[in-house]
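If you want the building blocks of each chain, they are given just below.
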There are 2 protein chains.
Amino acid sequence: LITPEMLEKIPCELRIARKYPGRADLAQDEMDQWVIDAALSGKQVVRLKCGDPFVFGRGGEEVTIFESRGLEVVVLPGISSALAGPLSAGIPATMRGLADRVLFITGQGAGNSAPHLPEFDPQMTIVLLMGVGGIKRIAQEMLDKDYPEDLPVTCIERAYHPDERTTPAQLSTLCRQMKLAQVRAPAILVFGKVASFPRRKPHAKNLRPAEENRPPDVIQGVGIS
Amino acid sequence: LITPEMLEKIPCELRIARKYPGRADLAQDEMDQWVIDAALSGKQVVRLKCGDPFVFGRGGEEVTIFESRGLEVVVLPGISSALAGPLSAGIPATMRGLADRVLFITGQGAGNSAPHLPEFDPQMTIVLLMGVGGIKRIAQEMLDKDYPEDLPVTCIERAYHPDERTTPAQLSTLCRQMKLAQVRAPAILVFGKVASFPRRKPHAKNLRPAEENRPPDVIQGVGIS
């Protein structure tokens, strides 16, 4: 999600996706065509996405389409909300003794199918993206698959925005808690022991280096290639 | 992995981790103490990590330690090599029809244990970090768990470095291919249908915006918050 302040910094022609509910595929086709038309007319086009273009971002499809039209494509990695969302709430995806594997799933698969859930694994963190709409079905499937009723879950809404909000719950009470809190998309849900990692004050307000002009005194702990 | 060019840009005191094989825990304790000593003496300390501090990076442990000493900690997200490594080789972690879930595992768990592997799931991408040393055991366990012998696997060494190299294989021939190619750590292995996504020329050489001074003509496809 791009803020208006960021848009103001864009120094060239800007076209904004018209991805409203119910017309995502149409909007995708339209955007692809915009890119193709502009690139074939000799322009250099940046397709700016939120997060990582290769994580539930249709980036792979776009590369295929653009290359089939003879365009040269360079893909840059991004910071995936699947990791940055939990981090913003103070939740590490991995933590020795608590979780040494991480699974990303989406609540809105192709054809609106329910996500496939693995067997319960106490050392695995599950990060559910786009899960608010289908949470009732997903939580029920977890319970049906013998995920523990007291499995810690944390819901993070609008990570890194001034109104970021964290709703902690357990699997068996998740839907009720989310309803009580009136959780709305976009939100990320983290399931697993790390989800009960002591939550600290939201970091969002601390994350504006421009407001903190003092350079650091020590940098340490880097790896050298 | 930080290049010498990046180190030269650091304008303050710099201390480098002494994490050599066999003394990782000692080095970690030493680094933690460096941070605590410097911070308690009034300095502002940046603990710079490669990748994302909360993905197999001990970030959660460090936060716990530093906060127990009364330090104020702000954690910034990073670009995890678990996603950027495959991306650098042109492999999307998710791709509609091929994979709509992604699992990160590590070959070097606490106590050097083998990673726990889920049942085979044809729509799941598995990204194995730090897996070169233990690949024989991991590949055998996958075969024992009925992962297909022809499951596509791609090994990416030194992602984003000038000498980045990609070794494609199938599960049953993986160890032989890696031995033939003399694959060395650090490397990332991607298992799943996306691993056979048409590989393109490595992007590393294209990824230096400073060499390409022309600004883009069009930016499109951003989301507005």
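Each chain has its residues counted from 1, following the order in which its sequence is written. Lettering of chains starts at A and numbering of ligands starts at 1, both following the order in which they are written. For a predicted model such as this one, the threshold for reporting local features is a pLDDT of at least 70, and the threshold for listing and counting side-chain atom pairs is 80 or more; totals across whole chains, interfaces and linings nevertheless cover every residue. To get the side-chain values, take all heavy atoms of the structure and skip hydrogens and water.

### A closer look at helix 5 (residues 135-144) of chain A
Residue and element names in this part refer to chain A.
Now for step 1: For every residue, the accessible area obtained with a 1.4 Å probe (protein chains only) is divided by the maximum for its type, and the residue is called buried under 20%, exposed over 50%, and partly exposed between those limits. Helix and strand definitions follow DSSP, with helices as H or I runs of at least four residues and strands as E runs of at least two, each counted in order from the N terminus. Buried within helix 5 we find Ile135, Ile138, Ala139 and Met142. One side of helix 5 carries all its buried residues, which in axial view fall inside an arc of 95 degrees. Every exposed residue of helix 5 that faces more than 90 degrees away from the buried side is listed here: Lys136 and Asp144.
Now for step 2: It only takes one pair of heavy atoms within 4.5 Å for two residues to be counted as in contact. Next to the buried residues of helix 5 lie strand 4 (124-129), helix 6 (174-180) and strand 7 (187-191). Directions from the helix axis toward the C-beta atoms define the arc.

### Re the relation of the copies chain B and chain A
Mapping between the two chain copies consists of a rotation about an axis together with a translation along that axis.
Now for step 1: The copies are overlaid by a least-squares fit using only the C-alpha atoms of residues whose pLDDT is at least 70 in both copies. For the pair chain B and chain A, the superposition axis carries a translation of 0.0 Å, the fit reaches an RMSD of 0.0 Å, and the rotation angle comes to 180 degrees. On the angle and the small slide along the axis, the relation comes out as a two-fold axis. Residues of chain B ranked by C-alpha distance from the rotation axis are headed by Leu103 of chain B, positioned 2.2 Å from it.
Now for step 2: Here 100% of the contact residues of chain B are again contact residues in chain A; the copies associate through an equivalent surface.

### Describing helix 2 (residues 24-40) of chain B
Now for step 1: Helix span is expected to be 1.5 Å times the residue number reduced by one. Taking 1.5 Å per residue as the helical rise, helix 2 of chain B with its 17 residues ought to reach 24 Å, and the 24 Å between its terminal C-alpha atoms agrees with that figure.
Now for step 2: Those residues of helix 2 of chain B that fall on the buried side of the exposure criterion are Ala27, Gln28, Met31, Asp32, Trp34, Val35, Ile36 and Ala38 of chain B.

### Some details on unusual backbone geometry
Residue and element names in this part refer to chain A.
Now for step 1: For the bond from Ala185 to Pro186, the omega torsion is 0 degrees, close enough to zero to count as cis.
Now for step 2: As for its placement among the helices and strands, Pro186 is situated in the loop between helix 6 and strand 7.
Now for step 3: Located in the positive-phi region is Arg58, a residue other than glycine, with phi close to 60 degrees.
Now for step 4: The phi dihedral of Tyr160 is positive, around 75 degrees, even though this residue is not glycine.
Now for step 5: Within the secondary structure, Tyr160 sits in the loop between strand 5 (152-157) and strand 6 (165-170).

### Thoughts on the interface of chain B and chain A
Now for step 1: Counting from both sides, the interface comprises 87 residues of chain B and, opposite them, 88 residues of chain A.
Now for step 2: Once two parts are joined, some of their accessible surface, as seen by a 1.4 Å probe, is lost; buried area is that loss totalled over both. Summed over both partners, the interface of chain B with chain A comes to about 7700 Å²; 62% of that surface belongs to carbon and sulfur atoms.
Now for step 3: Each reported salt bridge corresponds to a side-chain nitrogen of Lys or Arg within 4 Å of a carboxyl oxygen of Asp or Glu. At the boundary of chain B with chain A, the tally comes to four salt bridges.
Now for step 4: Across the pair Glu61 of chain A and Arg96 of chain B runs a salt bridge whose closest N-O atoms are separated by 2.7 Å.
Now for step 5: Nitrogen and oxygen atoms within 3.5 Å of one another constitute a polar contact, given that in protein one can donate a hydrogen and the other can accept it, and given that sequence-neighbouring residues count only through two side-chain atoms. Inspection of the region where chain B meets chain A yields 14 residue pairs in polar contact (both at pLDDT 80 or more).
Now for step 6: Those elements giving two or more residues to the side of chain B that touches chain A turn out to be strand 1 (13-16), helix 2, strand 2 (45-47), helix 3 (59-68), helix 4 (81-88), strand 3 (101-106) and strand 8 (218-222) of chain B.
Now for step 7: Per-element tally for the side of chain B that touches chain A: the top contributor is strand 3 of chain B, with six residues.
Now for step 8: In this classification, the charged set is Asp, Glu, Lys and Arg, the nonpolar set is Ala, Val, Leu, Ile, Met, Phe, Trp, Tyr, Cys and Pro, and all remaining amino acids, among them Gly, are polar. Residue classes in the side of chain B that touches chain A are distributed as 49 nonpolar, 19 polar and 19 charged.
Now for step 9: Where strand 3 (residues 101-106) of chain A and strand 3 of chain B come together, five bridges link them in antiparallel fashion. The residue bridging Ile105 of chain A from the neighbouring strand is Arg101 of chain B, located in strand 3 of chain B. Pairing between strands requires that DSSP locate at least two bridges from one strand to the other.

### What about the environment of Pro21 of chain B?
Residue and element names in this part refer to chain B.
Now for step 1: Considering the arrangement of structural elements, one finds Pro21 in the loop between strand 1 and helix 2.
Now for step 2: Judged by its relative accessible area of 83%, Pro21 is exposed.
Now for step 3: Taking C-alpha positions, Pro21 is 36 Å from Pro122, a pair spaced 101 residues apart along the chain.

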